[in-house]
Amino acid sequence: MSPVPAVSLAAAPHGFLSPTGVEIAFLLVGLVTFGAALVTVTTRQLVHAALWLVVALGGLAVEYLLLTAEFIAWVQVLIYVGSVVVLLLFGLMLTKAPIGRSPDADSGNRWAALAVAVAAAGALVWVVVDAFRATWIDLDGPAAGTTAVTGQSLFRHWVLPFEALSVLLLAALVGAIVLSRKAKADAEPNTGPTSDPNAGPVTATAPAATRTTPTATPGAPTATATTPAAPPGDQEGAR
Amino acid sequence: MNDVLDVALRLLVVFVVFLTFPLIVGQTEHKVMAHMQGRLGPMYAGGFHGWAQLIADGVKFAQKEDVVPAGADRRVFQLAPAVALLPYLLVLLAIPIGPGEGAVGQVLDAGVFFVLAVMGVGVLGSLMAGWASANKFSLLGGLRTAAQLLAYELPMLLTAASVAMAAGTVSLPGIVAAFHWWWLPWQITGALVFFVAGLAELQRPPFDMPVADSEIIFGAYTEYTGLRFALFLLAEYAGIVVLCGLTTVLFLGGWHGPWGADGLGWLWTLLKTAVLAFLVIWLRVTYPRLREDQLQKFSWTLLVPLSLAQIALTGVIKVVIS
């Protein structure tokens, strides 16, 4: 873009000081994503935090797109923005999240959380930098992250981790069912046989919650016969 | 320069389709519903059989006051209609109506995923509206919307995956190009599940529990007035166009016609889409609203198993014929 006096690096053919349009866009979207993530964890308004999370996750999807990984980008939107955040908002609405600030929306673990976040970020940055160093994506050639390429590398070279991951998800599903069943057994004496209109949506959280964490809805009181029917579908969907 | 012109032209065409088709579906709904119920429907606006009724409605909506409730979360409340509507505009970009580069807004490598992912985002608009309105009916509507989305997104995704398996590609033009007539009986279960789940995702009757007027007024949209309310309505009708177009492209062979019709392929796509849109209206007039628990049960105990069976069938036949 703008002719900045370039200090050419000896190792890499691409200088860092003469960025292309795509690189500038990548950087800007990255800044927006980072800002949104910061607001997500610092805002005192619960639902706003979830909505800023949408911005952060969406920004990440755009970054994938800029790295030519189209398939990963859409899956990111589908799973995280479309399902996980909807689940999050659903949970927040069940708690009657107030409009405006929640003064008690803070945790004493603030500094511990910061330490963990910094450590995790450091580890990730180190791994990525170590893995790719001065690798550049050739944007003019055939796209390096198309669905076909992704699928081939996934099922030719990374089948074992993929299967291990699916076993992990299965374990999480089973855990979720066990937890929700236990909560039902505990809650049985309290709840009468009345069928409240919310029975439906609450049932839906149990299988759907398993997409993220098994502990998302330990309080789901109505584990009907539908719950065991759902996991195979979820498992297939995860694949 | 030519590239810029090309892109601008494509965007313009998609935008015009986005503005007109939902209105055509809306007007058709007015008239078809009326005739099915032994009425005439709008007859005066515009002169001939009330063709300009929806334009008049639009003018009316634009004149109304834009009210934001005092206790509402202002910014989220005002942003919600845009979040609900824009995804459908983006989805229209990716739906091919004919063979070749010229008949699709933008060819996407992973079109099926793009379309389903972006359609899921539209529901966030309803959730934002439901929460930000500071109204218990709106909140209940938002809750029901979320529960419905979580239940029906899975069968939709699974059946779309079944077609992608059959075609061996996840690009929408690629799927239609690979279509043969015998896919119709092969994928019929998937087609029905996809269409029904799509109806539920759009909150169309008989799956309009989130906006059940006799219980929670108008769900998440209760507090909306004027143009913002009109935008939500427009989102619903744009959703019908998108769903019918997608079902056509994925399951009904898009531009393939019985006589091979080269050159008139786009007409076939539009015709099939229109027939499906008519079906959507017909279903609205025919069936009463499902109860919330029936709605959930219908998805988890019927649609999800059916879509899994469809995937198994697709896999078996795919292996047999290859």
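Residues numbered from 1 in each chain as written. Chains lettered and ligands numbered in written order. Predicted model: local features only at pLDDT ≥ 70, side-chain atom pairs only at ≥ 80, totals over all residues.

Draft legend 1. Main features of helix H3 (residues 70–94) of chain A. Taking 1.5 Å per residue, 25 residues should reach 36 Å; H3(A) reaches 35 Å between its end C-alpha atoms and fits that length. Extensive coverage of H3(A) is indicated by the burial of 19 of its 25 residues. (Helix = DSSP H or I, 4+ residues; strand = E, 2+ residues; numbered from the N terminus. Expected span 1.5 Å × (residues − 1). Buried ≥ 20, exposed ≤ 12 C-beta atoms within 10 Å, placed from the backbone.)

Draft legend 2. Looking closely at helix H1 (residues 2–36) of chain B. All names here are of chain B. Under the 1.5 Å per step criterion, the end-to-end length of H1 is 50 Å for 35 residues, consistent within 8% with the ideal 51 Å. Among all positions of H1, only Val14, Phe18, Phe21, Pro22, Val25, Gln27 and Glu29 are buried. Phi turns positive one or two residues past the end of H1, at glycine 38, with a value near 70°.

Draft legend 3. Looking closely at the interface of chain B and chain A. In this assembly, 44 residues from chain B lie in contact with 35 residues from chain A. Among the secondary structure elements, those contributing two or more residues to the side of chain B that touches chain A are helix H4 (111–132), helix H5 (136–167) and helix H12 (292–321) of chain B. Of all the elements, H5(B) adds the most residues to the side of chain B that touches chain A, at 13 residues. Considered class by class, the residues forming the side of chain B that touches chain A number 32 nonpolar, 5 polar and 7 charged. (Contact = placed C-beta atoms within 7 Å. Nonpolar A, V, L, I, M, F, W, Y, C, P; charged D, E, K, R; others polar.)

Draft legend 4. Local environment of the packing of helix H2 (residues 53–63) of chain B against helix H10 (residues 226–251) of chain B. Residue and element names in this part refer to chain B. Relative to each other, H2 and H10 sit at 140°, their axes nearing to 6 Å. Taken together, the axis directions place H2 and H10 in an arrangement best described as oblique. Of H10, the residues touching H2 (which contributes Gly58, Phe61 and Ala62) are Gly226, Leu227, Phe229 and Ala230. (Axes fitted to C-alpha atoms, helices over the stretch in contact; angles between N-to-C directions. Parallel < 35°, antiparallel > 145°, perpendicular 65-115°, else oblique.)

Draft legend 5. Molecular detail of the environment of B:Leu250. Residues and elements named next belong to chain B. Note that leucine 250 resides in helix H10. In sequence terms leucine 250 and methionine 119 are 131 residues apart; their C-alpha atoms lie 15 Å from each other. If near-sequence neighbours (up to four positions away) are discounted, leucine 250 is found in contact with Ala160, Val163, Ile175 and Phe194.

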